[in-house]
Amino acid sequence: MIQRVQTIFLFLVAVAMGVTIGTELWNQTGGTQGDTWNLTAFTLSNLDANGEVIQTSSKWYLGALAAFAGLLAMISIFQYRTRSRQMLLNMINSLVMVSLVAATFLTTNGINSSIQAQDGGSYEIGFWSILVAMVMNMLANRFIKKDEALVRSVDRIR
């Protein structure tokens, strides 16, 4: 029963987490000296106006959360025999993705307050793919619940 629609949604969650890991999450240009700040899933880089790296700091927890969310989605695909366990894994995955969004927001908010930037920067494709993954996870849970209701109704007829 791996060929169900929720399998596609869970696979898209894993793909979206891969996009999050592989692309930029946030970009801030400006600041007090015209520096550029780039946040990826593993590093935060500060570049000067010439494009040379001034400093970098590790943000490994963002990459770890994204990798864990993708791994949970892949594990959940193969839990099709026990739909309750599959729904539990998806609920945990939702919490992991919410914590990833919160950690990203708090990281970028901390940078904005320390550099006194006029605008808040721009969230890039990596950040938006987290939100797409959250929607796909919600849709997968909805279809798992529909399957569970169908099985219960068939059991009731017997």
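Refer to the structure presented above.
Notes on the structure in this doc start here. (Residues numbered from 1 in each chain as written. Predicted model: local features only at pLDDT ≥ 70, side-chain atom pairs only at ≥ 80, totals over all residues. Heavy atoms only, no water.)

Digging into the packing of helix 1 (residues 5–22) against helix 3 (residues 83–115)
- Between helix 1 and helix 3, the least distance of the axes is 13 Å, while the angle of their chain directions is 25 degrees. If you check the angle between helix 1 and helix 3, you find them roughly parallel. Once helix 1 is placed against helix 3, the crossing between them reads as left-handed. Of helix 3, the residues touching helix 1 (which contributes Leu10, Val13, Met17 and Thr20) are Gln86, Asn90, Asn93, Met97 and Leu100.
- Looking at the contact of helix 1 with helix 3 residue by residue, the classes come out as 5 nonpolar, 4 polar and no charged. (Axes fitted to C-alpha atoms, helices over the stretch in contact; angles between N-to-C directions. Helix = DSSP H or I, 4+ residues; strand = E, 2+ residues; numbered from the N terminus. Parallel < 35°, antiparallel > 145°, perpendicular 65-115°, else oblique. Left-handed = near helix turned anticlockwise from the far one by under 90°. Contact = heavy atoms within 4.5 Å. Nonpolar A, V, L, I, M, F, W, Y, C, P; charged D, E, K, R; others polar.)

Regarding the sheet that holds strand 2 (residues 35–39)
- With antiparallel pairing, the 5 strands of this open sheet are ordered in space as 4-3-2-1-5. In this open sheet, the two edge strands, each paired with only one partner strand, are strand 4 (53–58) and strand 5 (122–123).
- For strand 2 and strand 3 (residues 43–47), the ladder comprises 4 bridges, and the chain directions are antiparallel. By the bridge assignment, Thr36 is partnered in strand 3 with Leu47. (Pairing = 2+ DSSP bridges.)

Points about the packing of aromatic side chains
- Under the counting rule described, the total for this entry stands at 4 aromatic pairs.
- Arranged with centres 5.7 Å apart and planes meeting at 20 degrees, the rings of Phe9 and Phe143 form a pair that is stacked. Here Phe143 lies in helix 4 (residues 125–157) and Phe9 lies in helix 1, a separation of 134 residues in the sequence.
- For Phe143, a relative accessible area of 25% gives the class partly exposed.
- Ring centres 5.3 Å apart and planes at 75 degrees place the aromatic pair Phe127 and Trp128 in the edge-to-face group.
- Judged by its relative accessible area of 45%, Trp128 falls in the partly exposed class.
- Put simply, the rings of Tyr123, Phe127 and Trp128 pair up and form one aromatic cluster. (Phe/Tyr/Trp six-rings, centres within 6.5 Å; stacked < 30°, edge-to-face > 60°. Buried < 20%, exposed > 50% of the residue type's maximum accessible area, 1.4 Å probe, protein only.)

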